[in-house]
Structures are given as structure tokens and as C-alpha cells.
Amino acid sequence: MIVTKVRMHMHATIERLTSAGPVITDGAWGTQLQQRGLPLGTCPDAWNLKHPKRVEEVARAYVEAGSQVILTNTFGANRFILARHGLADKVAEINRAGVQISQRAAGDRARVFGSMGPSGKMMITGEVREDELRAAFTEQARAMADAGADAVVVETMSDPAEAALAVAAARGTGLPVVACMVFDSGPDKDRTLMGTTPEQAAEQLTAAGADCVGSNCGQGVAGFVEICRRMHAAVDGPIWVKANAGLPEIVDGQTVYRQTPAEFAQYVPQLVEAGAALIGGCCGTTPEFIRAIREKLRG
Ligand SMILES: [Zn+2]
């Protein structure tokens, strides 16, 4: 059998960052903003303009916990999601503010990677055209690059075609690009909603121009070890891992994540062994999880 490994052309920034060992990224933002008063169902990204101090508190809490890379509160700051909140004309402003807020919190202690989530529209059903998506991702990526983001993170993607468009748009800015997808479907929870395997995702995202690939969200950290190992086997490069704090439970209409920071962090050595080079948390994780990851990596 001939095994072809897609060789990544890693951006120098990512190469330098990961050369000294695993890098600690940040944890969840949405749940942290909710704790600071963001009502469910409202637009988190709009808080960059309305409540920048509260957003900065979240970013600062991660830096103080030991995050070497923090993201930006711009996950839904593309024109399609913002349009739901009547803010389609604020893409540039919200993304710029998001980068500046994270930069203020980071100082020279952390890098700021701009978060870019899905459009919320399905290409496969004809709800949105390829050129419309390309334009929307380009608009967002450019705004973050203009504001001085150190990289762009395309995250929580389910459709590899949409992810590839976002990666190409981000790539167009000249910044390093991280791309990660959600694997929480199929009997083994190792496929995206579209049926993409970790190997296919790693190869396709790399071919689209990603410098670093990985997975985030969808399930607890235990399931990420094997996904990480498979992505690492498929491409030559650092793997990005951000797991949820276990599976969510609904208690009295609220989403609750029950995994503790210590339970999460006990998987860190296995993740590193499986090729994880940038490690943080997704939904339900907090600065305490980042502290626990840091302690584990020190040990
Ligand atoms: Zn998540």
C-alpha cells in the first residue's frame, strides 16, 4: 500500500510558535460572555461595540490563566450571521473591534488569532452561492488582518466545501491560517455532519491552504485523541485541538457541561502524543481549564 502524506507548507509564524512544544490556546467565549450578562439568543459579536470591557475581561482571564494564543469575539461576525441581528453593515467594525479588544488583553503575552465561524447557510441546499460565501469570508478575514490579527482560525465547520472557501479567503490576507472542523457524527463520532472523515478533512483543508488543521467542539476531549492521531497521520503538521467540556446536558432549560478541568486535563498527555500542537477548549471550558492544561503540560 502506498501511503501519501500531504505535506503542509507551514507558515513561519505557526512553525516558530509550535517549535518549543505544545502551545496553550484559550477556552470558550460564548459561555463566558453569558456569565457576564449576554442574553441567550442575542448577538455575542455585537458586544465588541456595545460592551468591549466585558469582552476584554474574558480575553484577559484567558491570558492570565496561561493562554499563549487567544481568539477574538468574532465567531459569528460574517455578514450572514450579523444580518440576522440587523448588523450586516457592521462587519468591518465588529471584526476590527474584536481584534483590538483581544490585543489589549494579550499585550506581549499572547498572540491574537481571529476567529471565523460558519456562515449559517447551507451551500448544498442552494441557500447560498459559492461566490457569496467567498465574498463574505474575504470581507471578514480582511477586516481582521487590517486590524493586525496574527492569524485566522476557521473553526466549528461542518461542511468541508464551506471550510475550504473560508480557508482560501483567509489565506488571501497573507496571514497564517488554522482550520478545524466538528467531528460528532456517525456511530463512532468521527465524522462531520457531512460525513467527512478526519483524514479527508485534514487533506482537503491543507489543500485549500491551511497551515494547521484540527478539530473543535462537538464532543468531549476523550473522542479527540483518536481524531487528532488520524489527522496527524494524514498530514505533516501541527494539529489544533479544542474539545468541549464533555457532552452538554440540559438542566432546567440551561445547557450544562459537567466535566471538570482536572478530568479534561488528564487527556492532555495523550493529545500531545497523538500530535496535538495547539491545545485549548471549546464550549463549556473556562480559564480554570486552561490553568489545568498548563499544569499538566508543565508536569
Ligand atoms: Zn464549541
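Residues numbered from 1 in each chain as written. Predicted model: local features only at pLDDT ≥ 70, side-chain atom pairs only at ≥ 80, totals over all residues. Heavy atoms only, no water.

Trainee: Which parts of the structure should I look at to understand the coordination of the zinc ion?
Mentor: A metal bound by six donors in octahedral fashion has ideal angles of 90 or 180 degrees, whereas one bound by four tetrahedral donors has an ideal angle of 109.5 degrees. Distances from the zinc ion to its protein donors, namely Cys217 (SG), Cys282 (SG) and Cys283 (SG), fall within the range 2.2 to 2.3 Å. Mapped onto the polypeptide sequence, the residues donating to the zinc ion form the spacing pattern C-x64-C-C. Residue cysteine 217 is located in strand β7 (residues 212-220), and its partner cysteine 282 is located in the loop between β12 (276-281) and α13 (287-298); the two are separated by 65 residues in the primary sequence. (Donors = N, O, S within 2.8 Å, 3.2 Å for Na, K, Ca; no water. Helix = DSSP H or I, 4+ residues; strand = E, 2+ residues; numbered from the N terminus.)

Trainee: Explain the sheet that holds strand β3 (residues 69-70) to me, please; I cannot follow it from the model alone.
Mentor: Two modes of strand pairing occur in sheets, parallel and antiparallel, and in both the strands are linked by backbone hydrogen bonds. One open sheet accounts for eight strands, arranged β2-β12-β9-β7-β6-β5-β4-β3; its pairing is parallel. Where the open sheet ends on each side, the last strands, each with one partner, are β2 (23-24) and β3. Where helix α8 (residues 160-171) meets the sheet, its contacts fall on β4 (111-116), β5 (151-157) and β6 (177-181), and the angle it forms with β5 comes to roughly 170 degrees. (Pairing = 2+ DSSP bridges. Contact = heavy atoms within 4.5 Å. Axes fitted to C-alpha atoms, helices over the stretch in contact; angles between N-to-C directions.)

Trainee: Looking at this structure, I do not really get the pattern of salt bridges. What am I missing?
Mentor: If the charged atoms of two oppositely charged side chains come close together, the side chains can form a pair. Applying the stated criterion to the full structure yields 17 salt bridges. In this structure, lysine 242 and aspartate 26 form a salt bridge, with 2.4 Å as the shortest nitrogen-oxygen distance. Taken together, the residues span a long stretch of sequence, with lysine 242 in strand β9 (residues 239-244) and aspartate 26 in the loop between β2 and α2 (30-35) at a distance of 216 residues. Take aspartate 26: its relative accessible area is 0%, and that puts it in the buried class. (Salt bridge = Lys/Arg side-chain N within 4 Å of Asp/Glu carboxyl O. Buried < 20%, exposed > 50% of the residue type's maximum accessible area, 1.4 Å probe, protein only.)

Trainee: Looking at this model, I keep getting lost on the packing of helix α6 (residues 91-106) against helix α7 (residues 130-146). Mind explaining?
Mentor: In a packed pair of helices, the relevant descriptors are the angle between the two axes and the axis-to-axis distance. Close contact between α6 and α7 brings their axes to 8 Å; oriented N to C, the two are set at 40 degrees. As the angle between them shows, α6 and α7 are arranged oblique. At the point where α6 passes α7, the crossing takes the right-handed sense. Together, Val91, Ala92, Asn95 and Val99 of α6 and Glu139, Gln140, Ala143 and Met144 of α7 make up the contact between the two elements. In terms of residue class, the contact of α6 with α7 is made up of five nonpolar, two polar and one charged. (Parallel < 35°, antiparallel > 145°, perpendicular 65-115°, else oblique. Left-handed = near helix turned anticlockwise from the far one by under 90°. Nonpolar A, V, L, I, M, F, W, Y, C, P; charged D, E, K, R; others polar.)

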